Structure formats: C-alpha cells, structure tokens
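So the chains spell out like this:
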Amino acid sequence: MTDVVTEGARDTDGASSRRSLRPLGGVLAAIAVSLTGTRISAIALPWFVLVTTGSATQTGLVACCEMTPYVVVKALAGPLVDRTGPRGVSWTTDLLSAAAACAVPLLHAVDLLSLPLLLVLVALIGAARGPGDLAKEVMVPEAAERSRVPLDRATGLAGVTERLASTIGPAAGGSLVALTGPLTGLLVNAGCFALGSVIVALVLPRGIGTAAAEGAPPDDEAQPGYWRRFGEGFVFLRGEPLLLTLIVMVGITNLLDAAFNTVLMPVWAKESGHGPTDIGLNSSTGGLAAVAGSLAAAAAAHRMRRRVVFFAGFLLAGAPRFLILASDAPRWAVLTVFAVGGFGAGFLNPILGAMSFERVPRRLLGRVNALGDALAWAGIPLGGLLGGAMVASFGLVPVLLTGAALYFLTTSLTGLRPEWRAMDRGRGRRKGQTAHCEKGFDGP
C-alpha cells in the first residue's frame, strides 16, 4: 500500500524525510475563509430581506431557497467527489458561489433585483456551497497524513477553525451591516469564496485532493457507476444504528437552529431595538466560548464518558438560547447564556468526529459524509420557512418558548435510546478509517 504520508511530504518538500504543514494549513485556511464568508452572509442576507420587505415570511423563504439546494446537491455530490477528487470540486464550486453572491448587491444597485431573481441567486449559492463544503471536509484526512499530523489532532484543529470562523464571521457581519449596510456583507462573502477557491486551486501542494489520492482504481472501467456508489453509502449507514439515530436527532435540532438563526434572532433584534450589532455580538460570544470548549474537549474529552458530555453539551447549548430571548432579559444576561451554551457546544463536534473516525471507512468518505450531512441538514431549509410563518401567525415569544421545549425534549429523550450506549464502545479503534462528521450544529 502506498505510504500517503511519505508521498505528501515528497510532493510538498521534494524529500520524503522532510515535514511540511502546508497541506493541512491550506485546507484549514480554505475552510476558514469560506465559512467566515458564509457566517457574514448569514447575518447580512436575512437582514437585507427583513429591512427591504418587512416580512418575516419572506425572510424565511429566502433561507429555505438557499438551504434546500444545499442539502439536495450535497447529498448527490458524494459519489462525484469520491470519483473525481475533492480538490477540483472545491475550487470550482467556490468560484461559482462567489459569482452568485456578488450578483446580489450589483443587481440591487441597478434596481434589477426582484424577489424571484433573489431566490434564484441564493438557490445557486446553496447548490454550489453544498459540494464545496463537502469537498473541503473530505480533504482533511489526506492533508493530515501528508502533513504528518495525527488525525485526531487534525480534526480537532478543523473544529477549532470552524468555531473561530463562526466567531469572527458573525462579529464582522454584524459590524458591517450596522456600519455600511447588508449589501457590503454580501460583497465580503463573495470575496471570501473567491479567496477560498484560490487557496485550494493554487496554494495546496500538487496531488492533494485528486481521485488517485482517494484510492480510486486507475482503470475507469473497473469503477462502479454513480448509483452503485450512491447506494453503498446508504447500505453502510443502514448498518450503523448509532449514526442513524444521531442523524435523526441532529436533523431536528438543526431545523430548530435554522429557525432561530435565520428568523427568530433577526426578528428579536429588530423588535427589541438591539439591531444587527447584537446579532453578531450574541453569535460571536457563543462562538468564542465554543472555541474554548473545543480546546477543552481536545485536551480532556478522551478521558470523559462521551454520552454524558454529549448530552450535557446539548443541554447547555440548546433550549436556554430560546428562553433568554423570550424573557426580555438585559444584554449581559443574554451574552452569559450564549457564552455558557457556546462552551457546551464546543464539546459536541470533537465527539462526533471521533465517532465517525471509528466507524466510516476511508473509501466511503465522500458518500457517507454527503448522505449523513444531507439527512442531518434536511430540516434546515424548513427551519427558516416554518420559523417565519410561525412568527407571523403567533408572534415571537410563543415561538421561542415552543422552540425551547422541542429542543429540550429532542436532546433529552433521544439519549434514552439503547443505541447511545455504543458511544463509548470501540474508543480508540483504528482500521485505516476516518471521517469528519459534519453535524452542522448551528448553535452558539
């Protein structure tokens, strides 16, 4: 079997005995800039729709039109990423996302941006983002091998990178929207996608993220067809009850998180008079605390019982956010709740990454990640749509209280199922397998 670590070092440095962090650093940088842009857009786009239309329903509709193609195309892209290689998929889709994101403020500036055209553009952004995000996830294990970094540490660094981007992005987005308007945030989002495309296409060492690096057979005729590859992912997930239960639970919490982030928090900021600055402040406070939680998890979570830590993290990160916004609490109390919730959330993705690492074979990485992500994210398009409709029908506070109750019941009752006892079994198992479980937790 080819030694990927040695090849990676040779490709990067010209000698197998030398080590370079360029492969892993490049992938993490691409993840960081694209996710930062996405987080900026997550504040700028809903605020743009809300202030120009005054409609929570239309705000939710725009979020739905972005996330529906994201989920669908990402699910279908898994076999393509496995066969053609994630590198080309990543830089081309990022370039397409940049073009579509840039078109929104440009068309608005010349008074040509109608609501139907906006829906088409955000759908295009979502359709391009799905495969692009998947491709970057898939490159993390190979980049770790080529950089000679242990995979547990590499996935931990990826988690910290995501949390940092989720902290910087909302802070920058809230400030940009407050100071210069939401359209500037969309232009910055387009620039981030363009930069991510350049990093993947030009900065990463040659050979990384190609189909051959993923272990594809050299003979194209010997490779299974698209639908057979797609079906292999379903077959694998069907044989993993713990992963399936996890996906269902996360799918429900993601729906609630989507409603909270894209509709409930912007409406709260508008009705309370806090404005977009507080949206960014809340998200960034939670994100910064989540970075601290991720670092603590990297240092100590392997000594703890996963099941206890996992559900305790959800208990802190879920329902309290809804309750504090419904209570008309002062700013310091809101920030405290987001900070505590963020710290709890920081423990979640390291546990999820470790569980996937122990269970998903490398050759199925793209397919299983794509299907798992798509199923777990299936509720996100409906989250914004349902959130907007519910707020329009019943008002903000009743919807926040209902969301808190649903979040608590979902994350508490699910933990009683027998599949969760397997969380602490097989810890440290290594079969040449890996995966980066993209749960897509949209909390603090």
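Heads up: the structure comes first, above all this text.
Along each chain, the written sequence defines residue order, and numbers are assigned to residues from 1. Side-chain atom pairs in this predicted model are given and counted only at pLDDT of 80 or more, local residue features only at pLDDT of at least 70, and totals for whole chains, interfaces and linings cover all residues. Where side-chain values are given, they derive from all heavy atoms of the structure, hydrogens and water being excluded.

### Overview of the overall build of the protein
Line of reasoning, step 1. Helix and strand assignments come from DSSP, with helices taken as H or I runs of at least 4 residues and strands as E runs of at least 2, each series counted from the N terminus. In terms of helices and strands, the protein carries 17 helices and zero strands.
Line of reasoning, step 2. For the protein, the residues scored as buried account for 58% of the 444 residues in total.
Line of reasoning, step 3. Accessible area for the protein stands at about 17300 Å²; split by element, carbon and sulfur atoms hold 67% of it. Type-normalised accessible area, obtained with a 1.4 Å probe on protein chains alone, sets the label of each residue: buried when under 20%, exposed when over 50%, and partly exposed for intermediate values. Computed with a 1.4 Å probe, the accessible areas rest on the Shrake-Rupley method; for each residue, only the protein chains presented here act as cover.

### Regarding the pattern of salt bridges
Line of reasoning, step 1. When a carboxyl oxygen of Asp or Glu is within 4 Å of a side-chain nitrogen of Lys or Arg, the pair counts as a salt bridge. Scanning all chains against the criterion turns up seven salt bridges.
Line of reasoning, step 2. Residue Glu142 is joined to Arg146 by a salt bridge in which the shortest nitrogen-to-oxygen separation is 2.8 Å. Of this pair, Glu142 and Arg146 both sit in helix 5 (residues 115–146), separated by four residues, roughly a single helical turn. Each member of the pair, Glu142 as well as Arg146, carries the same accessibility label: buried.
Line of reasoning, step 3. Counted as one network, the salt bridges with shared partners bring together Glu66, Arg129 and Asp133.

### Some points on the side chain of Asn189
Line of reasoning, step 1. With respect to the helices and strands, Asn189 occurs in helix 7 (residues 182–203).
Line of reasoning, step 2. We call two residues in contact whenever any of their non-hydrogen atoms come within 4.5 Å of each other. In contact with Asn189, not counting residues within four places along its chain, are Gly37, Thr38, Ser41 and Ala101.

### Details of the nonpolar core
Line of reasoning, step 1. Leu118, Phe260, Leu264, Phe310, Phe322, Leu325 and Leu400 are the most contacted members of the largest nonpolar core, which has 77 residues in total.
Line of reasoning, step 2. Looking at which element gives the most residues to this core, the answer is helix 9 (residues 241–272), with 15 residues.
Line of reasoning, step 3. The contact partners of Leu264, leaving out residues within four places of it in the chain, are Ala259, Phe322, Val391, Leu396, Val399 and Leu400. Throughout this description, the term nonpolar core refers to a set of buried Ala, Val, Leu, Ile, Met, Phe, Trp, Tyr and Cys residues connected via side-chain atoms within 4.5 Å.

### Thoughts on a nonpolar patch on the surface
Line of reasoning, step 1. Together, Leu315, Phe408, Leu409, Leu413 and Leu416 make up an exposed nonpolar region whose accessible area comes to about 520 Å².
Line of reasoning, step 2. If you tally residues by element for the nonpolar patch, the top one is helix 17 (residues 396–413), at three residues.
Line of reasoning, step 3. Checked against the element boundaries, Phe408 lands in helix 17. Excluding any residue in a salt bridge, patches collect residues exceeding 30% relative accessible area, merging like charges within 9 Å and nonpolar Val, Leu, Ile, Met, Phe, Trp and Tyr side chains within 5 Å.

Interpretation note: all reported values are geometric properties and have no functional meaning in isolation.
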